[in-house]
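# Tertiary structure, described
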Amino acid sequence: MELKIGISGINAVDNPGPGVGVAKSIKEDRELSAKIVGLSYDAMEPGNYMKWIIDKSYILPYPSTDHKTYLNRLYYIRENYGLDFVLPVLDAELPLYLKYQKELEKNGIKTFLPTLEQFKLRGKDKLEEVAKNIGIETPKSEVVNSYDELVKAVEKLGLPVMVKGVFYKAYRAYTVQEAVSFFNKIVAEWGYPVILQQVVSGEEMNVVAAGDGEGNSLGMIAIKKMWITELGKIWTGITIKNEELLNSAKRFIEIYGWKGAFELECIVDLNNNKIYLIEINPRFPAWSYFSTGVGVNIASNIVRKAFDLPVKEYRDYPAGKLYIRYTDDFVVGIETFQKLITLGEN
Amino acid sequence: MNRLHQLAVNDEGFIFDPLTGESFTVNRTGLFIINRLKEGKKEEEILQGLLDEFNVSKEVAERDLIDFLEKLKSYRII
(Lines give C-alpha, C1' and ligand atoms only; values in the text may rest on other atoms or scores of the structure.)
Protein backbone atom coordinates (compact mmCIF):
# COMPACT_ATOMS: atom_id res chain seq x y z
CA MET A 1 0.00 0.00 0.00
CA GLU A 2 1.58 3.28 -1.04
CA LEU A 3 -0.19 6.04 0.82
CA LYS A 4 0.00 9.67 -0.21
CA ILE A 5 -0.06 11.70 2.97
CA GLY A 6 -0.49 15.46 3.01
CA ILE A 7 1.22 17.32 5.83
CA SER A 8 1.10 21.06 6.49
CA GLY A 9 3.38 23.20 8.67
CA ILE A 10 6.51 22.43 6.67
CA ASN A 11 7.90 25.85 7.58
CA ALA A 12 11.04 24.62 9.33
CA VAL A 13 12.12 28.12 10.35
CA ASP A 14 13.10 29.79 13.65
CA ASN A 15 9.53 29.31 14.84
CA PRO A 16 9.19 25.89 13.28
CA GLY A 17 5.92 24.34 12.21
CA PRO A 18 5.41 20.72 13.25
CA GLY A 19 5.16 19.37 9.68
CA VAL A 20 8.71 18.31 8.90
CA GLY A 21 9.00 16.34 12.17
CA VAL A 22 5.67 14.62 11.51
CA ALA A 23 6.73 13.85 7.92
CA LYS A 24 10.02 12.37 9.16
CA SER A 25 8.12 10.16 11.60
CA ILE A 26 5.81 8.79 8.90
CA LYS A 27 8.73 8.20 6.54
CA GLU A 28 10.48 6.19 9.25
CA ASP A 29 7.63 3.67 9.32
CA ARG A 30 8.85 1.68 6.33
CA GLU A 31 5.78 -0.57 6.34
CA LEU A 32 3.64 2.41 5.35
CA SER A 33 5.90 3.24 2.40
CA ALA A 34 4.23 6.62 2.35
CA LYS A 35 4.80 9.46 -0.04
CA ILE A 36 4.67 12.81 1.71
CA VAL A 37 2.78 15.66 0.10
CA GLY A 38 3.89 19.01 1.54
CA LEU A 39 0.98 21.41 1.95
CA SER A 40 2.56 24.84 2.22
CA TYR A 41 1.38 28.42 2.23
CA ASP A 42 4.52 30.05 0.89
CA ALA A 43 7.06 29.09 -1.76
CA MET A 44 9.83 29.87 0.71
CA GLU A 45 8.82 27.27 3.30
CA PRO A 46 11.97 25.14 3.61
CA GLY A 47 10.02 21.85 3.51
CA ASN A 48 9.22 22.56 -0.16
CA TYR A 49 12.88 21.97 -0.93
CA MET A 50 13.57 19.03 1.39
CA LYS A 51 13.13 16.30 -1.22
CA TRP A 52 14.45 13.57 1.05
CA ILE A 53 11.45 14.07 3.35
CA ILE A 54 8.77 15.80 1.29
CA ASP A 55 8.18 14.03 -2.02
CA LYS A 56 5.97 16.65 -3.63
CA SER A 57 4.81 20.11 -2.55
CA TYR A 58 1.80 22.25 -3.27
CA ILE A 59 1.02 25.83 -2.36
CA LEU A 60 -2.41 26.11 -0.75
CA PRO A 61 -4.69 29.11 -0.39
CA TYR A 62 -4.87 30.39 3.19
CA PRO A 63 -7.45 28.58 5.31
CA SER A 64 -9.03 31.97 6.01
CA THR A 65 -10.16 32.14 2.35
CA ASP A 66 -13.47 30.48 1.55
CA HIS A 67 -13.57 26.78 2.30
CA LYS A 68 -14.56 25.75 -1.23
CA THR A 69 -11.38 27.17 -2.74
CA TYR A 70 -9.35 25.46 -0.05
CA LEU A 71 -11.06 22.07 -0.42
CA ASN A 72 -10.92 22.27 -4.23
CA ARG A 73 -7.19 22.69 -3.98
CA LEU A 74 -7.01 19.46 -1.95
CA TYR A 75 -9.22 17.69 -4.52
CA TYR A 76 -6.94 18.94 -7.28
CA ILE A 77 -3.98 17.38 -5.49
CA ARG A 78 -5.91 14.12 -5.01
CA GLU A 79 -6.74 13.98 -8.72
CA ASN A 80 -3.32 14.90 -10.02
CA TYR A 81 -0.90 13.29 -7.61
CA GLY A 82 -2.96 11.36 -5.08
CA LEU A 83 -3.93 12.35 -1.54
CA ASP A 84 -5.21 9.62 0.74
CA PHE A 85 -4.80 11.36 4.07
CA VAL A 86 -4.21 14.86 5.40
CA LEU A 87 -2.58 15.59 8.74
CA PRO A 88 -3.02 19.31 9.43
CA VAL A 89 -0.73 20.60 12.17
CA LEU A 90 -1.32 24.36 12.27
CA ASP A 91 -3.72 26.08 14.66
CA ALA A 92 -5.08 28.37 11.95
CA GLU A 93 -6.18 25.55 9.66
CA LEU A 94 -7.69 23.20 12.26
CA PRO A 95 -11.19 24.76 12.41
CA LEU A 96 -11.58 24.31 8.64
CA TYR A 97 -10.43 20.70 8.69
CA LEU A 98 -12.59 19.87 11.71
CA LYS A 99 -15.64 21.34 10.09
CA TYR A 100 -15.18 19.63 6.74
CA GLN A 101 -13.57 16.34 7.78
CA LYS A 102 -16.64 14.34 6.75
CA GLU A 103 -16.83 16.05 3.38
CA LEU A 104 -13.15 15.30 2.82
CA GLU A 105 -13.68 11.66 3.76
CA LYS A 106 -16.59 11.40 1.33
CA ASN A 107 -14.27 12.70 -1.35
CA GLY A 108 -11.60 10.14 -0.63
CA ILE A 109 -9.34 12.10 1.72
CA LYS A 110 -9.13 10.75 5.24
CA THR A 111 -8.20 12.73 8.34
CA PHE A 112 -7.82 11.73 11.98
CA LEU A 113 -8.99 14.68 14.00
CA PRO A 114 -11.01 15.49 17.10
CA THR A 115 -14.66 16.44 16.76
CA LEU A 116 -15.63 20.11 16.99
CA GLU A 117 -16.94 19.41 20.52
CA GLN A 118 -13.59 17.92 21.55
CA PHE A 119 -11.75 20.80 19.89
CA LYS A 120 -13.61 23.28 22.11
CA LEU A 121 -12.02 21.65 25.17
CA ARG A 122 -8.74 23.31 24.27
CA GLY A 123 -10.29 26.75 24.82
CA LYS A 124 -8.85 28.70 27.73
CA ASP A 125 -12.35 28.92 29.19
CA LYS A 126 -12.58 25.11 29.44
CA LEU A 127 -9.13 24.56 30.92
CA GLU A 128 -10.27 24.56 34.53
CA GLU A 129 -13.02 22.02 33.87
CA VAL A 130 -10.74 19.71 31.88
CA ALA A 131 -7.96 19.90 34.49
CA LYS A 132 -10.42 19.01 37.24
CA ASN A 133 -11.81 16.06 35.29
CA ILE A 134 -8.38 14.61 34.60
CA GLY A 135 -7.29 15.04 38.21
CA ILE A 136 -4.92 17.99 37.99
CA GLU A 137 -5.13 21.73 38.59
CA THR A 138 -4.95 24.89 36.57
CA PRO A 139 -3.66 28.34 37.47
CA LYS A 140 -6.33 30.96 38.09
CA SER A 141 -6.85 33.13 35.05
CA GLU A 142 -8.89 36.09 33.83
CA VAL A 143 -9.89 37.05 30.30
CA VAL A 144 -9.37 40.77 29.70
CA ASN A 145 -10.52 43.01 26.88
CA SER A 146 -9.64 46.47 28.16
CA TYR A 147 -7.23 48.44 30.30
CA ASP A 148 -9.74 48.59 33.18
CA GLU A 149 -10.27 44.84 33.11
CA LEU A 150 -6.53 44.35 33.00
CA VAL A 151 -5.95 46.41 36.14
CA LYS A 152 -8.76 44.61 37.97
CA ALA A 153 -7.38 41.22 36.92
CA VAL A 154 -3.90 42.15 38.17
CA GLU A 155 -5.41 43.17 41.52
CA LYS A 156 -7.22 39.86 41.72
CA LEU A 157 -4.37 37.58 40.62
CA GLY A 158 -1.44 39.47 42.17
CA LEU A 159 2.04 40.00 40.78
CA PRO A 160 3.97 38.61 39.03
CA VAL A 161 1.39 37.57 36.47
CA MET A 162 1.48 35.90 33.05
CA VAL A 163 0.09 37.99 30.19
CA LYS A 164 -0.89 35.71 27.31
CA GLY A 165 -2.43 35.88 23.86
CA VAL A 166 -5.23 33.45 23.10
CA PHE A 167 -3.06 31.43 20.72
CA TYR A 168 0.44 32.86 20.85
CA LYS A 169 2.83 34.75 23.09
CA ALA A 170 3.19 34.72 26.84
CA TYR A 171 5.07 37.21 28.99
CA ARG A 172 5.73 37.39 32.72
CA ALA A 173 4.96 40.84 34.15
CA TYR A 174 6.33 41.96 37.51
CA THR A 175 4.59 45.33 37.67
CA VAL A 176 1.28 46.76 36.48
CA GLN A 177 3.20 48.91 33.98
CA GLU A 178 4.85 45.83 32.55
CA ALA A 179 1.50 44.04 32.36
CA VAL A 180 0.03 47.02 30.45
CA SER A 181 2.94 47.08 28.03
CA PHE A 182 2.69 43.31 27.32
CA PHE A 183 -1.09 43.67 27.01
CA ASN A 184 -0.64 46.36 24.33
CA LYS A 185 2.03 44.33 22.56
CA ILE A 186 -0.22 41.25 22.33
CA VAL A 187 -3.27 43.27 21.26
CA ALA A 188 -1.24 45.00 18.53
CA GLU A 189 -0.03 41.69 17.15
CA TRP A 190 -2.84 39.23 17.83
CA GLY A 191 -5.86 41.27 18.91
CA TYR A 192 -8.25 40.67 21.79
CA PRO A 193 -8.82 39.04 24.17
CA VAL A 194 -5.76 38.72 26.38
CA ILE A 195 -5.48 36.18 29.17
CA LEU A 196 -3.98 37.02 32.55
CA GLN A 197 -2.84 33.98 34.45
CA GLN A 198 -1.62 33.38 37.98
CA VAL A 199 2.09 32.48 38.12
CA VAL A 200 2.55 29.04 39.65
CA SER A 201 5.87 27.64 40.80
CA GLY A 202 7.32 24.50 39.29
CA GLU A 203 8.92 23.19 36.14
CA GLU A 204 7.33 23.21 32.72
CA MET A 205 6.82 19.65 31.46
CA ASN A 206 4.95 18.63 28.36
CA VAL A 207 3.29 15.53 26.97
CA VAL A 208 2.80 14.70 23.31
CA ALA A 209 0.24 11.99 22.67
CA ALA A 210 -2.61 10.85 20.47
CA GLY A 211 -5.94 9.24 21.20
CA ASP A 212 -7.70 6.77 18.93
CA GLY A 213 -11.14 8.30 19.49
CA GLU A 214 -12.21 5.23 21.48
CA GLY A 215 -10.44 6.05 24.73
CA ASN A 216 -7.11 4.40 23.93
CA SER A 217 -3.67 5.94 23.55
CA LEU A 218 -1.77 5.69 20.29
CA GLY A 219 1.46 6.54 22.14
CA MET A 220 2.76 9.24 24.45
CA ILE A 221 5.94 10.63 25.95
CA ALA A 222 6.67 13.33 28.53
CA ILE A 223 9.51 15.78 28.19
CA LYS A 224 11.13 18.77 29.80
CA LYS A 225 12.51 21.62 27.76
CA MET A 226 16.13 22.27 28.72
CA TRP A 227 16.94 25.10 26.38
CA ILE A 228 14.56 27.37 24.50
CA THR A 229 15.00 30.11 21.92
CA GLU A 230 13.98 33.73 22.37
CA LEU A 231 10.65 32.76 20.80
CA GLY A 232 10.21 30.12 23.51
CA LYS A 233 10.77 27.23 21.11
CA ILE A 234 12.49 24.09 22.34
CA TRP A 235 16.07 23.66 21.18
CA THR A 236 17.17 20.99 23.63
CA GLY A 237 14.94 18.72 25.70
CA ILE A 238 14.98 15.54 27.71
CA THR A 239 12.51 12.69 28.13
CA ILE A 240 11.18 12.28 31.66
CA LYS A 241 9.05 9.74 33.47
CA ASN A 242 6.42 11.38 35.61
CA GLU A 243 3.67 8.82 36.06
CA GLU A 244 1.16 11.35 37.38
CA LEU A 245 1.67 13.54 34.34
CA LEU A 246 1.37 10.60 31.92
CA ASN A 247 -1.71 9.35 33.75
CA SER A 248 -3.34 12.77 33.32
CA ALA A 249 -2.83 12.48 29.56
CA LYS A 250 -4.27 8.93 29.63
CA ARG A 251 -7.31 10.18 31.54
CA PHE A 252 -7.73 13.00 29.02
CA ILE A 253 -7.89 10.41 26.21
CA GLU A 254 -10.20 8.09 28.14
CA ILE A 255 -12.65 10.65 29.51
CA TYR A 256 -13.04 12.72 26.38
CA GLY A 257 -12.48 9.99 23.78
CA TRP A 258 -9.95 12.31 22.16
CA LYS A 259 -9.16 11.54 18.56
CA GLY A 260 -5.87 12.62 17.04
CA ALA A 261 -2.67 14.20 18.27
CA PHE A 262 -2.43 16.65 21.14
CA GLU A 263 0.05 18.26 23.47
CA LEU A 264 -0.47 19.01 27.15
CA GLU A 265 1.60 21.85 28.54
CA CYS A 266 1.89 21.59 32.31
CA ILE A 267 3.74 23.07 35.26
CA VAL A 268 4.80 20.39 37.72
CA ASP A 269 5.33 21.52 41.31
CA LEU A 270 7.13 18.62 42.97
CA ASN A 271 7.41 20.40 46.31
CA ASN A 272 3.65 20.47 46.69
CA ASN A 273 2.85 17.45 44.50
CA LYS A 274 0.76 19.51 42.13
CA ILE A 275 0.42 19.47 38.36
CA TYR A 276 -1.08 22.54 36.68
CA LEU A 277 -2.52 22.34 33.18
CA ILE A 278 -1.43 25.42 31.26
CA GLU A 279 -2.55 24.64 27.75
CA ILE A 280 -3.99 21.92 25.51
CA ASN A 281 -2.80 22.04 21.92
CA PRO A 282 -5.09 19.96 19.68
CA ARG A 283 -2.29 19.03 17.30
CA PHE A 284 1.32 17.86 17.20
CA PRO A 285 3.89 20.22 18.71
CA ALA A 286 6.90 21.19 16.60
CA TRP A 287 9.10 18.78 18.59
CA SER A 288 6.93 15.70 17.96
CA TYR A 289 9.80 13.85 16.24
CA PHE A 290 11.27 13.49 19.73
CA SER A 291 8.77 10.71 20.46
CA THR A 292 9.65 8.88 17.25
CA GLY A 293 13.32 9.22 18.14
CA VAL A 294 12.75 7.37 21.41
CA GLY A 295 10.74 4.63 19.72
CA VAL A 296 7.18 5.92 20.02
CA ASN A 297 6.01 6.77 16.51
CA ILE A 298 2.71 8.51 17.26
CA ALA A 299 2.28 10.00 13.77
CA SER A 300 2.60 6.67 12.00
CA ASN A 301 0.19 5.09 14.50
CA ILE A 302 -2.39 7.75 13.61
CA VAL A 303 -2.08 6.82 9.93
CA ARG A 304 -2.22 3.11 10.80
CA LYS A 305 -5.39 3.61 12.82
CA ALA A 306 -7.00 5.70 10.08
CA PHE A 307 -6.42 2.94 7.52
CA ASP A 308 -7.24 0.00 9.83
CA LEU A 309 -3.66 -1.19 9.72
CA PRO A 310 -2.21 -2.89 12.83
CA VAL A 311 -1.52 -0.23 15.46
CA LYS A 312 1.75 -0.51 17.40
CA GLU A 313 1.36 -0.74 21.14
CA TYR A 314 3.83 1.42 22.99
CA ARG A 315 4.03 0.55 26.66
CA ASP A 316 7.23 2.32 27.61
CA TYR A 317 10.00 4.64 26.49
CA PRO A 318 13.41 5.50 27.93
CA ALA A 319 13.82 8.52 30.22
CA GLY A 320 16.97 10.61 29.87
CA LYS A 321 17.08 10.78 26.07
CA LEU A 322 18.10 14.16 24.70
CA TYR A 323 16.42 16.05 21.89
CA ILE A 324 18.79 18.23 19.91
CA ARG A 325 17.51 20.70 17.35
CA TYR A 326 20.08 22.27 15.05
CA THR A 327 20.24 24.47 12.01
CA ASP A 328 21.43 23.18 8.68
CA ASP A 329 21.58 24.54 5.16
CA PHE A 330 21.65 23.30 1.59
CA VAL A 331 21.71 24.69 -1.94
CA VAL A 332 19.23 23.97 -4.75
CA GLY A 333 18.63 25.22 -8.28
CA ILE A 334 16.00 27.88 -8.91
CA GLU A 335 13.71 25.41 -10.75
CA THR A 336 11.78 24.30 -7.69
CA PHE A 337 11.16 27.88 -6.67
CA GLN A 338 10.10 28.77 -10.22
CA LYS A 339 7.63 25.90 -10.34
CA LEU A 340 6.17 26.78 -6.97
CA ILE A 341 5.72 30.40 -7.98
CA THR A 342 4.32 29.76 -11.44
CA LEU A 343 2.48 26.44 -11.03
CA GLY A 344 1.92 26.35 -7.29
CA GLU A 345 3.58 22.96 -7.09
CA ASN A 346 7.02 21.47 -7.53
CA MET B 1 8.32 11.24 47.86
CA ASN B 2 11.40 9.02 47.69
CA ARG B 3 12.99 9.54 44.33
CA LEU B 4 16.29 7.96 45.24
CA HIS B 5 15.64 4.57 43.68
CA GLN B 6 14.70 6.04 40.32
CA LEU B 7 17.94 7.98 39.97
CA ALA B 8 20.24 6.91 37.16
CA VAL B 9 23.80 7.13 38.50
CA ASN B 10 26.93 6.55 36.46
CA ASP B 11 30.49 5.82 37.64
CA GLU B 12 31.65 9.38 36.97
CA GLY B 13 29.14 10.82 39.42
CA PHE B 14 26.59 12.04 36.86
CA ILE B 15 23.08 11.63 38.22
CA PHE B 16 19.87 11.90 36.22
CA ASP B 17 16.47 12.21 37.85
CA PRO B 18 13.87 10.81 35.40
CA LEU B 19 11.01 12.40 37.33
CA THR B 20 12.18 15.96 36.82
CA GLY B 21 14.65 15.73 33.95
CA GLU B 22 17.25 17.35 36.18
CA SER B 23 20.82 16.19 36.31
CA PHE B 24 23.47 16.63 39.00
CA THR B 25 27.13 15.89 39.39
CA VAL B 26 28.64 14.67 42.63
CA ASN B 27 32.23 14.05 43.68
CA ARG B 28 33.61 10.65 44.75
CA THR B 29 32.32 11.05 48.30
CA GLY B 30 28.86 12.06 47.12
CA LEU B 31 28.78 9.14 44.70
CA PHE B 32 29.79 6.77 47.50
CA ILE B 33 26.97 8.04 49.72
CA ILE B 34 24.34 7.97 46.94
CA ASN B 35 25.22 4.40 46.03
CA ARG B 36 25.04 3.28 49.67
CA LEU B 37 21.67 5.01 50.06
CA LYS B 38 20.38 3.24 46.96
CA GLU B 39 21.54 -0.06 48.51
CA GLY B 40 19.34 0.79 51.50
CA LYS B 41 22.22 1.32 53.96
CA LYS B 42 21.56 3.18 57.21
CA GLU B 43 23.29 6.45 58.12
CA GLU B 44 25.65 4.74 60.61
CA GLU B 45 26.65 2.12 58.07
CA ILE B 46 27.40 4.81 55.49
CA LEU B 47 29.47 6.72 58.04
CA GLN B 48 31.48 3.57 58.80
CA GLY B 49 31.85 3.01 55.05
CA LEU B 50 33.23 6.53 54.60
CA LEU B 51 35.76 5.94 57.40
CA ASP B 52 36.84 2.65 55.80
CA GLU B 53 37.02 4.04 52.28
CA PHE B 54 38.47 7.51 52.79
CA ASN B 55 41.34 8.78 54.92
CA VAL B 56 39.21 11.07 57.06
CA SER B 57 38.44 11.70 60.74
CA LYS B 58 35.08 10.66 62.15
CA GLU B 59 34.13 14.31 62.86
CA VAL B 60 34.78 15.43 59.27
CA ALA B 61 33.05 12.37 57.75
CA GLU B 62 30.03 12.83 60.00
CA ARG B 63 29.74 16.54 59.18
CA ASP B 64 30.10 15.93 55.43
CA LEU B 65 27.56 13.11 55.52
CA ILE B 66 24.99 15.22 57.38
CA ASP B 67 25.59 18.16 55.03
CA PHE B 68 25.15 15.97 51.99
CA LEU B 69 22.00 14.27 53.31
CA GLU B 70 20.51 17.69 54.07
CA LYS B 71 21.30 18.75 50.52
CA LEU B 72 19.54 15.66 49.15
CA LYS B 73 16.56 16.42 51.39
CA SER B 74 16.42 19.98 50.12
CA TYR B 75 16.18 18.59 46.57
CA ARG B 76 13.54 16.16 47.87
CA ILE B 77 15.59 13.23 46.64
CA ILE B 78 15.39 11.49 50.02
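Within every chain, residues take consecutive numbers counted from 1 along the sequence as written. For this description, chains carry letters from A and ligands carry numbers from 1, given in the order in which they are written. Local features in a predicted model are, by the rule used here, given only for residues with pLDDT of at least 70; side-chain atom pairs are given and counted only at 80 or more, and totals for whole chains, interfaces and linings are based on all residues. Excluded from the side-chain calculation are hydrogens and water; included are all heavy atoms of the structure.

### Points about the packing of aromatic side chains
All names here are of chain A. The cut-off we apply is this: Between the rings of Phe, Tyr and Trp (Trp by its six-membered ring), a pair exists once the centres lie within 6.5 Å; its type follows the angle of the planes, with under 30 degrees stacked, over 60 edge-to-face, and the other angles tilted. Secondary structure follows DSSP: runs of H or I at least 4 residues long count as helices, runs of E at least 2 residues long count as strands, and numbering of each begins at the N terminus. Whether a residue is buried, partly exposed or exposed follows from its accessible area with a 1.4 Å probe, protein chains only, as a fraction of its type maximum: under 20%, in between, or over 50%, in that order.
This structure, assessed with the given rule, holds 14 aromatic pairs over all chains. Both rings, one in phenylalanine 252 and one in tyrosine 256, keep their centres 5.6 Å apart while their planes meet at 55°; by these two values the pair is tilted. With a gap of four residues between them, phenylalanine 252 and tyrosine 256 both fall in helix H9 (residues 243-256), about one helical turn apart. Neither phenylalanine 252 nor tyrosine 256 differs from the other in exposure class; each is buried. Through successive ring pairs, a cluster of aromatic residues spans Phe252, Tyr256, Trp258 and Phe262.

### Comments concerning helix H2 (residues 67-80) of chain A
Given 3.6 residues per helical turn, the α-helix brings residues three or four places apart onto the same face. Residues and elements named next belong to chain A. For the record, the criterion: Expected helix span is taken as 1.5 Å per residue step, with the number of steps being one fewer than the number of residues. Contacts between residues were defined by any pair of non-hydrogen atoms, one from each residue, lying within 4.5 Å.
With 14 residues, H2 should cover 20 Å at 1.5 Å per step; its first-to-last C-alpha distance of 20 Å lies within 8% of that length. Looking only at H2, the buried set comprises Tyr70, Leu71, Arg73, Leu74, Tyr75 and Ile77. Buried residues in H2 make contact with strand S2 (35-40), strand S3 (56-59), helix H3 (94-99) and helix H4 (101-106). Immediately downstream of H2, the backbone of glycine 82 shows phi near 110°, a positive value.

### Examining the nonpolar core
All names here are of chain A. Formally: To define a nonpolar core, start from buried Ala, Val, Leu, Ile, Met, Phe, Trp, Tyr and Cys residues and group those joined through side-chain atoms within 4.5 Å. Throughout, the edges of the domains are those of an automatic or database domain assignment.
Formed by 68 residues in total, the largest nonpolar core has its most connected members in Ile26 and Phe284. The biggest single contributor to this core is H9, with six residues. Per-domain counts for this core show at least three residues from each of domain 1 (4-111 + 329-342) and domain 2 (119-135 + 201-324). With residues up to four places along the chain from it excluded, the contact list for isoleucine 26 reads Ile5, Ile7, Leu32, Ala34, Ile36, Leu87, Ala299, Ser300 and Val303.

### Regarding the sheet that holds strand S3 (residues 22-25) of chain B
Strand pairs in the sheet, formed through backbone hydrogen bonds, run parallel or antiparallel to each other. Convention followed: Any two strands are treated as partners once DSSP identifies two or more bridges connecting them.
On the basis of which strands lie adjacent, the open sheet formed by three strands has the order S1-S2-S3 (chain B) and antiparallel pairing. Both edges of this open sheet fall to strand S1 (8-9) and S3 of chain B, since each of them pairs with a single strand only.

### Some thoughts on the side chain of Glu265(A)
Residue and element names in this part refer to chain A. We apply this condition: In this tally, Lys and Arg are treated as positive and Asp and Glu as negative; His is ignored, and so are the chain termini. A carboxyl oxygen of Asp or Glu within 4 Å of a side-chain nitrogen of Lys or Arg is what we treat as a salt bridge. N or O atoms closer than or at 3.5 Å make up a polar contact, with two conditions inside protein: a donor-capable atom paired with an acceptor-capable one, and, for residues adjacent in sequence, both atoms drawn from side chains.
Following the sequence through the fold, glutamate 265 ends up in strand S12 (residues 259-269). Among buried Asp, Glu, Lys and Arg side chains, glutamate 265 stands out as unpaired, with lysine 225 the closest opposite charge at 5.3 Å. A polar contact is formed between the side chain of glutamate 265 and the side chain of asparagine 281, at a distance of 3.1 Å.

### Some points on the pattern of salt bridges
Residues and elements named next belong to chain A. In total, this model carries 22 salt bridges over all chains according to the counting rule given. Note that glutamate 31 and arginine 304 form a salt bridge whose closest N and O atoms lie 2.8 Å from each other. Residue glutamate 31 is found in the loop between helix H1 (19-28) and S2, and its partner arginine 304 is found in helix H11 (residues 298-306); the two are separated by 273 residues along the sequence. One salt bridge connects arginine 283 with aspartate 91, and the closest N-O pair in it is separated by 3.0 Å. Of the two residues, arginine 283 sits in the loop between strand S13 (274-281) and helix H10 (289-293) while aspartate 91 sits in the loop between strand S4 (85-87) and H3, which places them 192 residues apart along the sequence.

### Comments concerning the domain arrangement of chain A
How big an interface is tends to be stated in terms of accessible area lost as the parts join. Residue and element names in this part refer to chain A. Operational definition: Buried surface area refers to the total accessible area, computed with a probe of radius 1.4 Å, that the two partners give up upon joining, counted for both partners together.
Domain parsing of chain A yields domain 1 (4-111 + 329-342), domain 2 (119-135 + 201-324) and domain 3 (142-196). Using only C-alpha atoms to locate each centre, domain 2 and domain 3 end up separated by 27 Å. Listed per partner, the contact involves four residues of domain 2 and five residues of domain 3. Overall, the association of domain 2 and domain 3 removes approximately 390 Å² of surface from exposure, summing both partners, and the carbon and sulfur fraction of that is 53%. A per-residue breakdown of the area domain 2 buries against domain 3 is headed by Arg122, Lys124 and Glu279, which together make up 79% of the total. For the pair domain 2 and domain 3, the number of links is one salt bridge. Note that lysine 164 and glutamate 279 form a salt bridge whose closest N and O atoms lie 3.9 Å from each other.

### Remarks on the packing of helix H7 (residues 147-157) of chain A against helix H8 (residues 176-190) of chain A
Residues and elements named next belong to chain A. Selection rule: Each axis is a line fitted through C-alpha atoms, and for a helix only the stretch in contact is used; angles between axes span 0 to 180 degrees, taken between their N-to-C directions. To sort the angles, those under 35 degrees are grouped as roughly parallel, those over 145 as roughly antiparallel, those from 65 to 115 as roughly perpendicular, and the leftovers as oblique. The crossing is said to be left-handed when, going from far helix to near helix, the turn is anticlockwise and less than a right angle, and right-handed when the turn is clockwise. Gly is put with the polar residues, along with every residue not named as nonpolar or charged; the nonpolar set is Ala, Val, Leu, Ile, Met, Phe, Trp, Tyr, Cys and Pro, and the charged set is Asp, Glu, Lys and Arg.
It is at 11 Å that the axes of H7 and H8 come closest, and there the two elements cross at 135°. It follows from the interaxial angle that H7 and H8 lie oblique. For H7 against H8, the interelement crossing comes out right-handed. Across from Tyr147, Leu150 and Val154 in H7, the residues of H8 making contact are Val176, Ala179, Val180 and Phe183. Taken together, the residues that form the contact of H7 with H8 break down as seven nonpolar, no polar and no charged.

### Some details on the pairing of S2(A)
Residue and element names in this part refer to chain A. For S2, the buried fraction is high: five of the six residues fall into the buried class. The pairing of strand S1 (residues 4-8) with S2 spans five bridges and is classified as parallel. Note on S2: the bridge partner recorded for isoleucine 5 is isoleucine 36.

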